[in-house]
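Chain and residue survey
Residues per chain, in single letters:
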2 protein chains.
Amino acid sequence: MSGFVIRRAERSDWPRCWAIIQPVFAKGDSYPYPGDMAEEDARRMWLEAPLRCYVAEDADGTLLGTYHLKPNQAGRGDHVCNCGYITAQAARGRGVASAMCRHSQEEAKALGFTAMQFNLVVATNTTAVALWRKLGFGIIGTLPGVFRHDQLGEVDAHIMFKRLT
Amino acid sequence: MSGFVIRRAERSDWPRCWAIIQPVFAKGDSYPYPGDMAEEDARRMWLEAPLRCYVAEDADGTLLGTYHLKPNQAGRGDHVCNCGYITAQAARGRGVASAMCRHSQEEAKALGFTAMQFNLVVATNTTAVALWRKLGFGIIGTLPGVFRHDQLGEVDAHIMFKRLT
């Protein structure tokens, strides 16, 4: 985690979070959210609705990434959490996603969650799949053609899961 | 489908839907929603938020079951739908769930969906698992201990999926 910290997001962080998130949604190769998602909807979904939202911040105050954490299901399924992570394009290769995922696992445990589930890991996003595997997540199953990739059309997505205890 | 029809739910159907739904949530063996879920929250989740909500109605006007249909993901995943079905306790064994599932597949196709996904089919709910299999759904994977069963504690749940085209 050389040179950056991970901390809770504040409302004032949103414009810089959106600058990280928006190009990723627009690119259409990893997250299902529409490429033209309204900023207001994105803020609600990413920053406000989840239980927690965090940012990775460089020593000079630059945001390098952001993630959120929430229960994956209501009621009788709320001991399993779900996270979404996005690293700024300019910060790739610095271990930001890895650090955010490790951080999220610690936070999740502290919040009482006993497992973490990713519902839609795009199979062609091999960097992400390999990283989550390295960090202890297994592929529970692969959903055929559930993601409409901007360049490749309908591609598969994995459900990935890790027990935290 | 002897003796009942399936039609779009109307707002005025809600109290009778709730009378079907509430005991199932309270029982805690099939749906993750809290057993003490507020009626207002349940109405929003079951009747209002989904794209469509339907009821199965007997010839004498008795509601036998209800189901809803919605996109399972936003944006680039919104060609896959998700449904939730509940049959009234008193109407079990009449083929209501089967009829609702077949109906939902036709409705989903008419709405342009190309697949249907169930995100949390409780593994101990063997009647449901067998029925969805019979109706063409395959088990994509099994999530360990993700459902806190009222009687059995943490039990597994399946992700089930069917292409509609």
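Below or above, wherever it landed, is the structure these notes cover. (Residues numbered from 1 in each chain as written. Chains lettered and ligands numbered in written order. Predicted model: local features only at pLDDT ≥ 70, side-chain atom pairs only at ≥ 80, totals over all residues.)

**Concerning the overall build of chain A**
Regarding its fold elements, chain A presents 4 helices and 7 strands. For chain A, the sequential pattern of α-helices and β-strands runs β-α-α-β-β-β-α-β-α-β-β. For 165 residues, the compact-globule formula gives about 15 Å, and the C-alpha radius of gyration of chain A, at 15 Å, lands near that figure. For chain A, the spread of C-alpha atoms along the principal axes amounts to about 40 × 40 × 30 Å. Here chain A holds 165 residues, and the buried ones make up 42% of them. Sequence separation of 24 or more characterises 60% of the internal contacts of chain A that already satisfy a separation of 6 or more. (Helix = DSSP H or I, 4+ residues; strand = E, 2+ residues; numbered from the N terminus. Rg over C-alpha atoms; globule rule 2.2 N^0.38 Å. Buried ≥ 20, exposed ≤ 12 C-beta atoms within 10 Å, placed from the backbone. Contact = placed C-beta atoms within 7 Å.)

**Some remarks on the interface of chain B and chain A**
Taken together, the 23 residues of chain B in the interface contact 23 residues of chain A. When residues of the side of chain B that touches chain A are traced back to their parent elements, those giving at least two are strand E5 (115-122), strand E6 (138-149) and strand E7 (153-163) of chain B. For the side of chain B that touches chain A, the element with the highest residue contribution is E6 of chain B, accounting for 7 residues. Here the residues of the side of chain B that touches chain A are counted per class, giving 13 nonpolar, 8 polar and 2 charged. (Nonpolar A, V, L, I, M, F, W, Y, C, P; charged D, E, K, R; others polar.)

**A closer look at the nonpolar core**
Among the nonpolar cores identified, the biggest contains 96 residues, and Cys 17, Ala 56 and Met 100 of chain A together with Cys 17, Ala 56 and Met 100 of chain B are the most heavily contacted of them. Here Ala 56 of chain A is in contact with Phe 4, Ile 6, Leu 63, Leu 64, Gly 65, Val 96, Ala 99 and Met 100 of chain A, once residues within four sequence places are set aside. (Core = buried A, V, L, I, M, F, W, Y, C linked by C-beta atoms within 7 Å.)

**With respect to the sheet that holds strand E3 (residues 63-71) of chain B**
All names here are of chain B. With mixed pairing, the 7 strands of this open sheet are ordered in space as E1-E2-E3-E4-E5-E7-E6. This sheet does not close on itself; its edge strands, each paired only once, are strand E1 (4-8) and E6. Between one strand and the next, the sheet's axes are offset by a mean angle of 25°, whatever the strand orientation. Examined bridge by bridge, E5 and E7 share 6 bridges and lie antiparallel to one another. Looking at the pairing, Ala 115 lines up with Arg 163 of E7. Across the face of the sheet, helix H3 (residues 96-110) comes into contact with E1, strand E2 (52-58), E3, strand E4 (80-87) and E5 while running at roughly 30° to E3. (Pairing = 2+ DSSP bridges. Axes fitted to C-alpha atoms, helices over the stretch in contact; angles between N-to-C directions.)

**Thoughts on the packing of helix H1 (residues 14-27) of chain B against helix H2 (residues 39-48) of chain B**
Residue and element names in this part refer to chain B. Where H1 contacts H2, the axes come no closer than 11 Å and their chain directions differ by 100°. One element, H1, and the other, H2, form an angle in the roughly perpendicular class. Between H1 and H2, the contacting residues are Trp 14, Cys 17, Trp 18 and Ile 21 on the first element and Glu 39, Ala 42, Arg 43, Trp 46 and Leu 47 on the second. Of the residues that constitute the contact of H1 with H2, the class distribution is 7 nonpolar, no polar and 2 charged. (Parallel < 35°, antiparallel > 145°, perpendicular 65-115°, else oblique.)

**Some thoughts on helix H3 (residues 96-110) of chain A**
All names here are of chain A. With 15 residues, H3 should cover 21 Å at 1.5 Å per step; its first-to-last C-alpha distance of 21 Å lies within 8% of that length. Buried within H3 we find Val 96, Ala 97, Ala 99, Met 100, Cys 101, His 103, Ser 104, Gln 105 and Ala 108. On its buried face, H3 sits against strand E1 (4-8), strand E2 (52-58), strand E3 (63-71), strand E4 (80-87), strand E5 (115-122) and helix H4 (126-134). (Expected span 1.5 Å × (residues − 1).)

**Brief notes about the relation of the copies chain B and chain A**
Overlay of chain B on chain A (RMSD 0.0 Å): rotation 180°, translation along the axis 0.0 Å. Interpreted geometrically, this transformation is the action of a two-fold axis. No C-alpha of chain B lies nearer the rotation axis than that of Gly 141 of chain B, which sits 2.2 Å from it. Interface residue correspondence from chain B to chain A reaches 100%, placing this contact among same-surface, isologous pairings. (Least-squares fit on C-alpha atoms with pLDDT ≥ 70 in both.)

**Quick word on the sheet that holds strand E7 (residues 153-163) of chain A**
Residues and elements named next belong to chain A. Ordered in space as E1-E2-E3-E4-E5-E7-E6, the 7 strands form an open sheet in which the pairing is mixed. Either end of the sheet is taken by a strand with one partner, and the two such strands are E1 and strand E6 (138-149). Pairs of neighbouring strands in the sheet enclose a mean axial angle of 25°, with direction left out of account. Note: E3 against E4, 7 bridges, orientation antiparallel. Residue pairing across strands places Pro 71 opposite Cys 81, the latter belonging to E4.

**Overview of the environment of Thr 126 of chain B**
Looking at where Thr 126 of chain B falls in the secondary structure, it is placed in helix H4 (residues 126-134). For the pair formed by Thr 126 of chain B and Leu 51 of chain B, sequence separation is 75 residues and the distance between their alpha carbons is 28 Å.

**Structural notes on the pairing of E2 of chain B**
All names here are of chain B. Burial within E2 is extensive, with 5 of its 7 residues counted as buried. By the bridge criterion, 5 bridges tie E1 to E2 in an arrangement that is antiparallel. Note that in E2 the partner of Ile 6 across the bridge is Ala 56. Across 6 bridges, E2 lies against E3 in antiparallel orientation. Paired with Glu 57 across the two strands is Leu 63, which belongs to E3. Connecting E2 to the next strand, E3, in antiparallel fashion are 4 residues, including Gly 61 with a positive phi near 90°.

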